[in-house]
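Secondary and tertiary structure notes
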Amino acid sequence: MKSRPPAVVDPIVAPFAPGHKFIPPLPLSGALGRGRLTSGIQGKNPYCAVVIQGPAGHGKTTLMQQLLQDARDRGAAVGWLTLDESDNDISRLSACLTTLASSALEGRVARSATVSHRVKSAGTIENILATLSGASRPVALFLDEFQVLEDPVILGLLNSLLERIPPEVTFYIGSRSIPELARGRLMISGRVKWITPEDLCFTQREVYEFLQNVGLPASESEAQAFQERTGGWPAVLQLLQLALRSGKLSRSTLLAWAAGCQSELRDYLADNVMSHQPAGRREFLLRTSILRRLTAPLCELLVDTPDAQQVLQDLVTQGLFLRSIDVEHRWFRYHSIFSDYLKAQLQRSDPKVVDQLHRKAAGWFRDHGLHEEAIFHAIEGGQSELAADVLEQWMPDLVRTARLRTVERLVDTLPHRALQGRPMLLWGRTWALLFLNQAERARQSLEEFEQSLERRGAAELRGSLMVLKCAEALIRDESYCTLPWLDSFPIQTGDIQRHQCFEMSCLANAKAISRLQQSRFAEAKEFALLGESMGARGEAAFSGAYSTTLLAYAFILEGRLDQALNRLHEVFEDEHLQVQGSFASASLAAVYGFALYEAGRFVEAESQLRDSMDMIMQTLPVDWLISAFLSLARATALSETDGKDSREILDDGERLGLVNRVPRLVRAMRQERIRLAVVKGNCTEARYLMKMLGEFASPALPAGWVDFAQGCDDHFVCETRTGIFCDDPLKYLPPLQAELAAAQESHHARRQIKLLTLLSLAYDVLGDTDAAHTALLEALRLAAPAGYVSTFLEEGPRCADLLARLVDSGKLKPTDALRPFAGKLLASEGVEFCPAGADSFAGELFEPLTRKEISILKLLVNGSSNAEIADQLFVSKNTIKFHLKNIYAKLGVANRVQATGAARKLSLV
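Notes on the structure follow. (Residues numbered from 1 in each chain as written. Predicted model: local features only at pLDDT ≥ 70, side-chain atom pairs only at ≥ 80, totals over all residues. Heavy atoms only, no water.)

1. Comments concerning the overall build of the protein chain
Defined as follows: In DSSP terms, a helix is any run of H or I states spanning at least four residues, a strand is any run of E spanning at least two, and both are numbered starting from the N terminus. Each residue gets one of three labels from its accessible area relative to the maximum for its type: buried under 20%, exposed over 50%, partly exposed in between, using a 1.4 Å probe on protein chains only. The criterion used for residue contact is that any of the two residues' heavy atoms lie within 4.5 Å. Each accessible area is a Shrake-Rupley result for a 1.4 Å probe, and residues are judged covered by the shown protein chains and nothing else.
Helix and strand content of the protein chain: 45 helices and 10 strands. Considering the protein chain as a whole, with its 909 residues, one finds that 60% of them fall into the buried category. For the protein chain, contacts bridging at least 24 residues in sequence account for 72% of all contacts bridging at least 6. Approximately 34,600 Å² of the protein chain is accessible, and the part contributed by carbon and sulfur atoms is 51%.

2. Focus: the pattern of salt bridges
Here the idea is simple: oppositely charged side chains can pair when their charged atoms come close. So the rule is basically this: Any carboxyl oxygen of Asp or Glu that lies within 4 Å of a side-chain nitrogen of Lys or Arg is treated as forming a salt bridge with it.
In this structure the tally under the stated criterion is 63 salt bridges. Salt-bridge contacts for arginine 36 lead to glutamate 206; the nearest nitrogen and oxygen are separated by 3.0 Å. One end of the pair, arginine 36, is in helix α1 (residues 35–38); the other, glutamate 206, is in helix α8 (residues 204–213), with 170 residues separating them in the sequence. The class of arginine 36 is partly exposed, set by a relative accessible area of 38%. A residue is classified by how much of its surface remains accessible, and glutamate 206, at 6% relative accessible area, is buried. We note a salt bridge from glutamate 558 to lysine 525, for which the minimum N-O separation is 2.7 Å. In this pair, glutamate 558 sits in the loop between α27 (541–557) and α28 (561–573) while lysine 525 sits in helix α26 (residues 521–537), placing the two residues 33 residues apart along the sequence.

3. Section: helix α19 (residues 384–400)
Since there are 3.6 residues in each turn of an α-helix, residues three or four apart along the chain are aligned in direction. As a reminder, the rule being used: Residue count minus one, scaled by 1.5 Å, sets the expected span of a helix. To obtain the bend at a residue, axes are fitted to the seven residues ending there and to the seven starting there, and the angle between these axes is taken.
For α19, which comprises 17 residues, the first-to-last C-alpha distance of 24 Å matches the rise-based estimate of 24 Å (1.5 Å per residue) to within 8%. Considering bend angle alone, the principal kink of α19 is centred on tryptophan 394 and spans about 45°; proline proline 396 follows within four residues of it. Burial in α19 covers these residues: Ser384, Leu386, Ala387, Ala388, Val390, Leu391, Trp394, Met395, Pro396, Leu398, Val399 and Arg400. Residues of α19 that are buried sit in contact with α17 (351–367), α18 (371–380), α20 (404–413), α21 (423–434), α25 (498–517) and α27. Note on α19: the residue one or two positions beyond its end, alanine 402, has a positive phi of about 65°.

4. Structural notes on the sheet that holds strand β10 (residues 331–334)
Worth spelling out the cut-off: The criterion for strand pairing is that DSSP finds at least two bridges linking the strands in question.
Taken together, the three strands give an open sheet; going across it, the order is β8-β10-β9, and neighbouring strands pair in antiparallel fashion. Pairing within the sheet leaves two strands with one partner each, and these edge strands are β8 (294–295) and β9 (322–324). As paired elements, β8 and β10 share two bridges and run antiparallel to each other. Opposite threonine 295, over in β10, you have tryptophan 331 as the bridge partner.

5. Focus on empty space enclosed by the protein
What counts, and what does not: The way it works is a 1 Å grid over only the protein atoms, where trapped points that fit a 1.4 Å probe form a cavity and open points with protein on both sides within 12 Å along at least five of seven lines form a pocket, and then any residue with an atom within 4 Å of a point lines it. Grid points are joined across faces, edges and corners, and a volume is the space filled by probe spheres set on the points. Polar here means any residue other than Ala, Val, Leu, Ile, Met, Phe, Trp, Tyr, Cys and Pro, which are nonpolar, and Asp, Glu, Lys and Arg, which are charged; Gly is therefore polar.
Inspection of every chain in the model, using the stated rule, returns 11 cavities of 30 Å³ or more. For the lining of the largest cavity, the secondary structure elements donating two or more residues are α23 (462–475), α25 and α27. The dominant element in the lining of the largest cavity, judged by the number of residues it contributes, is α25, at seven residues. Each residue belonging to the lining of the largest cavity can be placed in one class, and the counts come to 13 nonpolar, six polar and no charged. There is about 70 Å³ of room inside the second largest cavity. In this structure, the second largest cavity is lined by 13 residues; those nearest its centre are Arg634, Gln671, Glu672, Asp713 and Arg721. Every element with two or more residues in the lining of the second largest cavity is listed here: α31 (622–639), α33 (663–679) and α35 (715–726).

6. Examining the environment of leucine 37
Among the structural elements, leucine 37 can be located in helix α1. Distance in space between the C-alpha atoms of leucine 37 and leucine 200 is 8.0 Å, their sequence separation being 163 residues.

7. So, the state of the cysteines
To keep it simple, the criterion reads: Counting rule for disulfides: a pair of cysteine sulfur atoms within 2.5 Å.
Taken as a whole and assessed by the stated rule, the structure comprises one disulfide. The disulfide partner of cysteine 683 is cysteine 726, and the gap between their sulfur atoms is 2.2 Å. Here cysteine 683 and cysteine 726 share a disulfide; its torsion about the S-S bond, -80°, makes the bridge left-handed. Residue cysteine 683 is located in helix α34 (residues 683–691), and its partner cysteine 726 is located in helix α35; the two are separated by 43 residues in the primary sequence. The same class applies to cysteine 683 and to cysteine 726, which are both buried.

8. A few points about unusual backbone geometry
At asparagine 437, a residue that is not glycine, the phi angle is positive and equals roughly 55°. Here asparagine 437 is to be found in the loop between α21 and α22 (439–456). Backbone geometry places histidine 747, a non-glycine residue, at a positive phi of 60°. With respect to the element layout, histidine 747 can be found in the loop between α36 (733–745) and α37 (749–765). Looking at histidine 747, the relative accessible area reads 57%, which means it is exposed.

9. Focus on the nonpolar core
For the record, the criterion: Definition used in this section: a nonpolar core is a set of buried Ala, Val, Leu, Ile, Met, Phe, Trp, Tyr and Cys residues joined via side-chain atoms within 4.5 Å.
With 243 residues, the main nonpolar core has Phe171, Leu391, Trp431, Trp624 and Phe792 as its most contacted residues. Beyond its immediate sequence surroundings of up to four residues, leucine 391 is in contact with Ile375, Leu398, Leu410, Val411, Leu414 and Leu425.

10. Thoughts on the pairing of strand β3 (residues 77–82)
Where burial is concerned, most of β3 is hidden: six out of the six residues are buried. Side chains of β3 alternate between two faces, with Ala77, Gly79 and Leu81 and Val78, Trp80 and Thr82 buried alike. Relative to strand β5 (residues 139–144), β3 is paired through six bridges, and the arrangement is parallel. Bridge assignment links alanine 77 to a residue of β5, and that residue is valine 139.

11. So, the side chain of threonine 295
The criterion, for reference: For this analysis, a polar contact is any N or O atom pair within 3.5 Å, provided that within protein one partner can donate a hydrogen and the other can accept it, and provided that sequence-adjacent residues contribute only side-chain to side-chain pairs.
With respect to the helices and strands, threonine 295 occurs in strand β8. Within the local environment of threonine 295, its side chain forms a polar contact with the backbone oxygen of arginine 330, the two atoms lying 2.7 Å apart. Once residues lying within four places of it in the same chain are set aside, the contact partners of threonine 295 are Leu312, Arg330, Trp331 and Trp364.

12. As for the packing of α34 against α35
Note the following rule: Angles shown run from 0 to 180 degrees and are taken between the N-to-C directions of axes, each axis being a line fitted to C-alpha atoms and, for helices, limited to the stretch in contact. Two helices crossing with the near one rotated counterclockwise from the far one by less than a right angle form a left-handed crossing, whereas a clockwise rotation gives a right-handed crossing.
Close contact between α34 and α35 brings their axes to 11 Å; oriented N to C, the two are set at 145°. Two packed elements cross with a definite hand, and for α34 against α35 that hand is left-handed. On α35, the residues touching Cys683, Ala686, Arg687 and Met690 of α34 are His715, Cys718, Glu719, Thr722, Phe725 and Cys726. Class assignment for the residues of the contact of α34 with α35 results in six nonpolar, two polar and two charged.

13. Here we look at the packing of aromatic side chains
Heads up, the condition is: The criterion for an aromatic pair is that two Phe, Tyr or Trp rings (for Trp, the six-membered ring) have centres within 6.5 Å, with stacked assigned to planes under 30 degrees apart, edge-to-face to planes over 60 apart and tilted to the rest. Only lysine NZ and arginine CZ atoms are considered, and such an atom sits over a ring when it is within 6 Å of the ring centre and within 35 degrees of the ring normal.
If you walk through the whole model with that rule in mind, you get 21 aromatic pairs. Summarising the aromatic geometry, the rings of tryptophan 331 and phenylalanine 365 are spaced 6.4 Å apart at their centres and angled 15° between planes, so their arrangement reads as stacked. With a gap of 34 residues between them, tryptophan 331 in strand β10 and phenylalanine 365 in helix α17 connect regions that are remote in the sequence. Accessibility assignment for this pair places tryptophan 331 and phenylalanine 365 in one class, buried. Measuring from ring centre to ring centre gives 5.2 Å for phenylalanine 435 and phenylalanine 542, while their planes differ by 85°; the resulting arrangement is edge-to-face. Of this pair, phenylalanine 435 sits in the loop between α21 and α22 while phenylalanine 542 is found in helix α27, placing the two residues 107 residues apart along the sequence. The same class applies to phenylalanine 435 as to phenylalanine 542, namely buried. Among the aromatic side chains, those forming a connected cluster through ring pairs are Trp431, Phe435, Phe502, Phe542, Tyr546, Tyr553, Phe594, Trp624 and Phe708. Taking the ring centre of tryptophan 331 as reference, the NZ or CZ of arginine 293 above it sits at 4.1 Å.

Right, dumping it as C-alpha cells:
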C-alpha cells in the first residue's frame, strides 16, 4: 500500500484562493486525443480567446488539458485557473487573474492567489497587460468552469482584458453556457474561436478509436451504432466502457436498450458501474459525493476507513470520474455528472445520513480554518447556527480585505434569525452594502446593528457603530452632519486588532474629508497620513487607498498637483501594496485619473479611468464619482473629434445619480453640459439648462465649506461662467472677486486658478485687456510650477485666444519661465506655438510603430473619430484608445493635433 501524504490543508490565515485552483486536473484514463479539434488552434493563431462550450460531460476539461499539454510542448508559457462561485467577488478574481499571469510567465505552479503583488500605476487590467507584455514566448492561459461568473463588472473586466491582450497571448475558456464574448465584437472580428457542443461530441471514427484505446475492439458498424445511440457524448462513452469492462453488460443488450434519452442511458450505465464495485467502495463513493472537494482525512471521517488516500488513488487509476486537483495529490474532485448521480443515489437510499455527512464536513472544514467550505456544508446540513458562527469569526478579515461581494453573498444565505445576537454579522453586512452603493439596505442593516448593540449592551462595539455612521453619512452625501460629534471621537492607535485598525483608518478618513471641505489642507493631510498608517497596520488596503486619495486631493487643492501625481504613482508602484481587487484600486484610479487629467495627460487619464469605471460606478462616494466622471468625459472630449463618447459618459453619470438618488452627481453632470454649451457659444441652451438645475439642489453646506471634488466645478463657477458670456459680466465681477479673496485666504490654489481664469475672461469680454492679461498672468504663475493644464483648456477657444494675445503682447518675455508653460497650453489647443523649452514634437520616433498602429494613425490623420476607427477595425473604442496611448508615447506627443503634425513630419502617412 502506498503511504499517505501528510494531512496538510490550506492555511488557516487563507490567501484569497487556494493553490489547487491553479493546477490542471490530471487526464482521465483512456482519454482520446482530440486532434480533430486541436489541429485548428495549434501553433500560432489569431485568436485572443478559444471558447470551449458544452454541457457537463462533453469533454471540455479533457480538451483543455490536451491543449495545455500541446502548448507546453511547443514551449509556450502556460497557466491554469479553475473558477468557482466564490470568484464572483472582484477582489478575489483580480488576485487570481494576476497570480495566473505572473505564475505562467515565471514558469512556476501557484501555491495560492494572494493579494500581495506588484502594481504598476494601474488597475487589474493594466497590471495583467503589463505582465503579459513582457512575455518572450507565446502564452496560453486556461480558465475552466467560466459559467460560474455572473457579476457584470467581472464580465466587463474580462471582455476589456481580452480586447487588449498582446497577440502572443491566448485565453482558453471552458464554459457550460455561452459567454457573452462569444457573441459580440470579438467574435465578429474573428478574434474568438468557438468550439460548440456539437464540435465536442465524438464522431463515428473517434468512437471507434476510443473503444480500441480502452481495450474494447469494435467493428465499424458497432462504432456507428454507439455513436448514434449516445450522440457521441464523451461522458456517456466513458461510462459505457466502464460498464462493459465489468462483464455484466453485453454489447447486444446495450444496443437494444440504448435508443432512449441520454440521461436515462447515463443512469443505466452508472448503475452497472456501481454494481461492479465492492460494497465498501460503493459506500465510499456515495458518502463522499456530498463534498465539492475531497481529501483523505476528511473522507476517513465520513466513511470511517483508514485507507482513504489509497482508495482515492485507486479510483483515479480506474478512471472513475475522479481527478486530483493539486500537485501533492491531497485534494480530489468528482466529475459533476458522476457526482450528481452519486448524490441522487445517496438521497434515495439513505436521506437521513445526508445531513449528518454535511455536518461532519462542516465541522472538519471549520476546524481547519476553511471557512467558506464550512459555511457551505453547514447550510446544506441544516446547521445555520454553525454557518453563522463560522461567518462571524471570518467577518472581520473579509471586510478589511474588501471581500464585499463575498460578505453580501454569504450573509444572504443565512436565515434572518441567525443574524440576531451576532452583531459582527450585521457590522460586516453594513460595510459591504455601504460600499456596494446599496444605500437603503445599508441603512436598514445599520439600524439592525444599532438595535443589536442596545439589546446586548455591547459597549465594546459602540465605536464601531460611530465609524459606520460616519461612512453611512458619506455615502448619503451628508458627511457634514457628523461634524458635531466627529471630532470628539478619538482615533485609537494603541494595541488593537487588525479590523479595528481598519475602522480607525476609516475614522481618520472621515476627519480628513471634513478638513478638505473646510479647506484646512494641512490638517486634512495629517489625518490622511494617519489613515494610511492605520490601513497598513490592519493590512486593509481598502481603507488605506481612500486615505491616499484624500492626501492626493489635499495636494491638488492646495496647488501641489505634481506632488499628488508623485504620491499616487509611488503607491501604485509600491511592491508591498496589497491591492485587493478593484474595491481598493477603484478609489485610487478615480483620483489618479483626475490628477492626470488636471496635468493635461489626457490619454493616460482616460486609460486609467475606463478600465475601472464599472467598479467606480458601483462602489465610490459622490466626490470620487464626480471627479471620475468629469475627468473621463473631458479627457475623452479632448481626444476625440465629435464628442459623442463624452456625452455618453455624462449620460451614464446622470443616470447613476438618478437611480441611486444622488442629486449632487446629477447636478454635476448637468453643470458640465452647461459648461459645454457656454464654451460652444450656445447661450440659449445654457440658460435653459441653468433653469433645470433647481430640482436637483445639493445639500446646504455650512458657511465657508466647499465640496472638495468641485472646487472648480460648483454652482458658483457654473453660474459665473454662464453670466460672463451669456449675461452682463459686470455684475459678476464683485462676487467673483469676493470668492477669489476667500480662496486666497484659505490657500485653495486650484480654485484660485479657476477664479482668476474666469476673472480674466470677464475683463476681456468687458474690453479691459490690461486687467484681463494681469489676471491671466497671475493664474499662470499659480498653475505653472505644479503643471495645472486643464483648468485653462476647460474654458475653450476664448481662453486660448486670450492666452495667445497675452503671448503676442510682449508681457511674457522670451526668458520668462512662464513661456514654455504657455506654449504647452497653446499646443494643446492646436495653436502653433513652440517657444524654447516648450513640450513639442522631438522630430523622431521613440519606438517604431506597429502595422496596426500605423493603420490607426492614418485614420486619425484623415479625421476619423475613435468610434469610426473602431468600426473599421472591428474592435472597441476602448481598444483604439489603448493603441492611441501607445502611439502618442512613441511619437512623444500629447494629443491628436500634435500626433497629426508628427505623422506628417515623419512621412508616416
